[in-house]
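Each chain, written out:
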Amino acid sequence: MPQGPELRQQIKEMMIEELMLDFEVSEIEDQTPIFGAGGLGLDSVDALQLVVAIEKTFGLKIGDAEKAKAVLQSVETIAKEIESNGGAS
């Protein structure tokens, strides 16, 4: 399982591909908020797709809404969760 910058790069690529985002990897900062006007502007449908894509790609299960809210804040928060769980929770 990749770590550090390589993992963050893979998360960004997965998000762009799975969610069909109109962004380049270089345009997404590790700390950019995933939801809301000041970030990538994703919505609740995107969140569901993102949870499924994270599990499929990295093996990280996000079991409930509270955990999802904490994990799905930015690329950085997703990466830290994957790193701390070794890809599984």
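Preceding block: the structure.
What you see is a predicted model; the values in this text were computed from it and never measured.

Asker: Explanation requested: the overall build of the protein in the structure shown.
Answerer: In terms of helices and strands, the protein carries four helices and zero strands. In terms of C-alpha radius of gyration, the protein reaches 12 Å, essentially the compact-globule figure of 12 Å for 89 residues. Its C-alpha atoms give the protein principal-axis dimensions of roughly 30 × 25 × 20 Å. Burial status across the protein gives 40% buried among its 89 residues. Look at the contacts in the protein between residues 6 or more apart in sequence, and 55% of them connect residues 24 or more apart. Mean positive and mean negative side-chain charge positions of the protein (7 and 17 charges, respectively) differ by 7 Å.

Asker: Please explain the packing of helix α1 (residues 4-18) against helix α4 (residues 75-85) as it appears in this structure.
Answerer: Packed helix pairs are specified by the crossing angle of their axes together with the interaxial distance, meaning the distance between the axes. The contact between α1 and α4 brings their axes to 10 Å, and the two run at 120 degrees. With respect to each other, α1 and α4 are oriented oblique. Both α1 and α4 take part in a crossing whose hand is right-handed. Contacts between α1 and α4 pair G4, L7, R8, I11, K12 and M15 from the former with V75, E76, I78, A79, K80, I82 and E83 from the latter. A breakdown of the residues in the contact of α1 with α4 according to their chemical character gives seven nonpolar, one polar and five charged.

Asker: Sorry, what's going on with α1 here?
Answerer: Every α-helical turn comprises 3.6 residues, leaving residues that sit three or four positions apart pointing alike. The terminal C-alpha atoms of α1, which comprises 15 residues, lie 21 Å apart, in line with the 21 Å expected from a rise of 1.5 Å per residue. Buried positions along α1 lie against α2 (44-58) and α4. Phi turns positive, to about 50 degrees, at M20, one or two residues after α1.

Asker: What is the right way to look at the side chain of R8 in this model?
Answerer: Note that R8 resides in helix α1. At 3.0 Å, the side chain of R8 and the backbone oxygen of G4 are in polar contact. In contact with R8, not counting residues within four places along its chain, are D30, V75, E76, A79, K80 and E83.

Asker: Help me out: how do you make sense of the environment of K69 in this one?
Answerer: Position of K69 among the secondary structure elements: in helix α3 (residues 65-71). Given the relative accessible area of 57%, K69 is considered exposed. Placed 13 residues apart in sequence, K69 and K56 show a C-alpha to C-alpha distance of 19 Å.

Basis of the calculations
- Residues numbered from 1 in each chain as written.
- Predicted model: local features only at pLDDT ≥ 70, side-chain atom pairs only at ≥ 80, totals over all residues.
- Heavy atoms only, no water.
- Helix = DSSP H or I, 4+ residues; strand = E, 2+ residues; numbered from the N terminus.
- Rg over C-alpha atoms; globule rule 2.2 N^0.38 Å.
- Buried < 20%, exposed > 50% of the residue type's maximum accessible area, 1.4 Å probe, protein only.
- Contact = heavy atoms within 4.5 Å.
- Lys, Arg positive; Asp, Glu negative; His and termini not counted.
- Charge placed at Lys NZ, Arg CZ, Asp CG, Glu CD.
- Axes fitted to C-alpha atoms, helices over the stretch in contact; angles between N-to-C directions.
- Parallel < 35°, antiparallel > 145°, perpendicular 65-115°, else oblique.
- Left-handed = near helix turned anticlockwise from the far one by under 90°.
- Nonpolar A, V, L, I, M, F, W, Y, C, P; charged D, E, K, R; others polar.
- Expected span 1.5 Å × (residues − 1).
- Polar contact = N/O pair within 3.5 Å; in protein donor to acceptor, adjacent residues only side chain to side chain.

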